[in-house]
Amino acid sequence: MNQLPETGFLRLAQIIGNRLAEPPIPPIIPIKKTCWWEGVKSGRFPKPVKIGSGRGTFWRVEDIRALCQSAGRAK
């Protein structure tokens, strides 16, 4: 299982994984992209942060860690 850094930001592929990347990125939360975005929309998952000129979408490590802990998958 991935170890999360203390602080910083994660891209979606780092959260839900990307098995087609080289090397493959293992998921922290193993769900499909559409399920993730539905969860963001419903408030079940943290809202993203736009960085730069609005092109980069990231999530705070602290928010992802809190989500994992609340789901019983503490990192």
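Above this text you will find the structure in question.
Remember, predicted model here, so these are calculated numbers, not experimental data.

(A) Broad picture of unusual backbone geometry. A cis geometry characterises the amide bond from Glu22 onward to Pro23, with omega recorded as 0°. You can see Pro23 is positioned in the loop between helix 1 (12-16) and helix 2 (33-42).

(B) A look at the environment of Gly39. Looking at the element boundaries, Gly39 is found in helix 2. A residue is classified by how much of its surface remains accessible, and Gly39, at 0% relative accessible area, is buried. If near-sequence neighbours (up to four positions away) are discounted, Gly39 is found in contact with Arg44 and Phe45.

(C) Main features of the sheet that holds strand 1 (residues 9-10). Taken together, 3 strands build an open sheet; the order of strands is 1-3-2 and the sheet is antiparallel. The open sheet terminates on both sides in strands that have one partner only, identified here as strand 1 and strand 2 (49-51). Looking at chain direction, strand 1 and strand 3 (residues 56-60) are connected through 2 bridges and run antiparallel. Looking at the pairing, Phe9 lines up with Arg60 of strand 3.

Thresholds applied
Sequence order sets the numbering: in each chain, residues are counted from 1 along the sequence as written. Totals for whole chains, interfaces and linings use all residues, but because this is a predicted model, local features are given only for residues with pLDDT of at least 70 and pairs of side-chain atoms are given and counted only at 80 or more. As a rule here, side-chain values come from all non-hydrogen atoms in the structure, and water together with hydrogens is ignored. Helix and strand definitions follow DSSP, with helices as H or I runs of at least four residues and strands as E runs of at least two, each counted in order from the N terminus. Summary of the burial criterion: residues with accessible area below 20% of their type's maximum are buried, those above 50% are exposed, and those between are partly exposed, where the area comes from a 1.4 Å probe applied to protein chains only. Between two residues, a contact is recorded if the distance between any of their heavy atoms is within 4.5 Å. A pair of strands is labelled paired if DSSP reports no fewer than 2 bridges between them.

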